[in-house]
Amino acid sequence: MAANKKLLMLPGDGIGPEVMHEVRRVIDWMARRRAVSFDIAEDLAGGASIEARGTPITDGVIEAAQKADAVLFGSVGGPQWDKLGFDMRPEIAILRLRKELGLFANLRPAVVFDPMVNASTLKPEVVRGLDIMIVRETVGGVYFGEPRGIETLSDGQQKGFNTDVYTTHEIERVGRVAFELARKRGNKLCSVEKANVMECGLLWRQVMTKLGAAEYPDVELSHMYADNCAMQLVRNPRQFDVIVTGNLFGDLLSDLASMLTGSLGMLPSATLGDVDAFGKRNALYEPIHGSAPDIAGKGIANPIAQILSFSMLLRYSFGLDEDADLIERACTNVLASGLRTADIMAPDCAKVGTHVMGEAVIRELDKQAA
Ligand code: NAD
């Protein structure tokens, strides 16, 4: 029984609160049927916080997130806040959380559930059974490296420049997250960079090789150039188990991998920090989709990405693998039964809204636990 695990829920804006409501039902079910309970706090982030408190996220909420064992985030943003200055944008909430919780490793699974195999733009025989995990470093690399800027040259032209930079420590800490994950999965890790043309990539490859030999000799480590990896992900994605890469390549490759599954409303993610001296690891879980203002308030959003974000939370923050499996199986069975929200509607399926989809997951959980 996992009691007194502190969970902070930040539903955010748009469809965030709608899909989070369905997670609440899953949490209630777990307390009732699996004797797994949490100390839950819920608070404001994004546009909702701007409206109520004049800032995208308060220091108090950041502090609560630091104290929580895990944060379950919805999504933030909407057209009504698009004209605000950069510091006041709803998205600052998630940027601040990532920064102040030291969240450096973004985990994005790309899983093709069998009933959804036709949703991919790739052929079913290429994606059937796909289950890969992309680990992207998120606080370093070219998005943050110095020097950076736009300069005016003596001849009047302008020069834009950024610096890709990784230290041994930064590579090792994200590398360890990836190696540990590989051990819990298929024991295969592919490290991705451009060691052929970038010193930063060369160091990345050297550090990963050394780390693998010293601490994870049991994990099968391979290396791949990022351009080849993009090609291989489309050609034969099932060759991969876990992929680890830097910020820029991870940004591109994780989006590419997501789309192998063909559905934004189905994809969860996790962002993890370091383990502290007391064994606690900050972690935030969120769907990869945004606040979908175009469908907010209509009751038609797909809650599965948010529900699967919660199952990732159970797995990676609390080691509750059995419960996570249960939730994932329930979602697959609901899809297999032919229920679909509008975003994943397919021929011969029944179109349902957010609430009915959530209810179907609960019914399926009941069946599994019977
Ligand atoms: P989006 O992901 O919100 O929506 C893209 C499209 O997918 C829309 O047509 C939407 O209706 C659909 N969609 C997304 N999630 C869905 C779901 N669960 N069920 C059914 N359909 C779904 O991306 P966007 O339109 O580019 O951005 C909208 C807002 O969200 C913007 O303000 C953006 O900044 C913000 N955003 C926030 C986050 C975050 O909070 N982490 C991430 C991405 C975008």
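Described below are features of the structure shown in this document. (Residues numbered from 1 in each chain as written. Predicted model: local features only at pLDDT ≥ 70, side-chain atom pairs only at ≥ 80, totals over all residues. Heavy atoms only, no water.)

### Focus: the packing of aromatic side chains
For the coordinates displayed, the defined rule picks out four aromatic pairs. Here the aromatic residues F38, F310 and F318 are joined through ring pairs into a cluster of three or more. Directly above the ring of F161 sits K159, whose terminal nitrogen or CZ lies 5.2 Å from the centroid. The ring of F104 has R173 lying over it, and the distance from NZ or CZ to the ring centre is 4.2 Å. (Phe/Tyr/Trp six-rings, centres within 6.5 Å; stacked < 30°, edge-to-face > 60°. Lys NZ or Arg CZ within 6 Å of the ring centre and 35° of its normal.)

### Here we look at the site of the ligand
Near the ligand there are 20 residues, and of these E91, G290, A292, D294 and N302 occur at the shortest range. Protein chains shield 67% of the accessible area of the ligand, which is 810 Å² for the free molecule. Residue composition of the shell around the ligand, by class: eight nonpolar, eight polar and four charged. (Near = heavy atom within 4 Å. Areas by Shrake-Rupley, 256 points an atom, 1.4 Å probe, with all protein chains shown as cover. Nonpolar A, V, L, I, M, F, W, Y, C, P; charged D, E, K, R; others polar.)

### Looking at helix α4 (residues 92-100)
Taken together, the buried positions of α4 are I92, A93, I94 and L97. In this structure, the buried side of α4 is in contact with β1 (5-12), α3 (59-67), β3 (70-75) and β12 (281-287). G102, located one to two residues past α4, shows a positive phi value of around 60°. (Buried < 20%, exposed > 50% of the residue type's maximum accessible area, 1.4 Å probe, protein only. Helix = DSSP H or I, 4+ residues; strand = E, 2+ residues; numbered from the N terminus. Contact = heavy atoms within 4.5 Å.)

### A short note on the environment of P147
Structurally, the position occupied by P147 is in the loop between β5 (131-137) and β6 (149-152). In the structure, P147 is positioned 17 residues away from D164 in sequence and 9.4 Å away in space, judged by C-alpha atoms.

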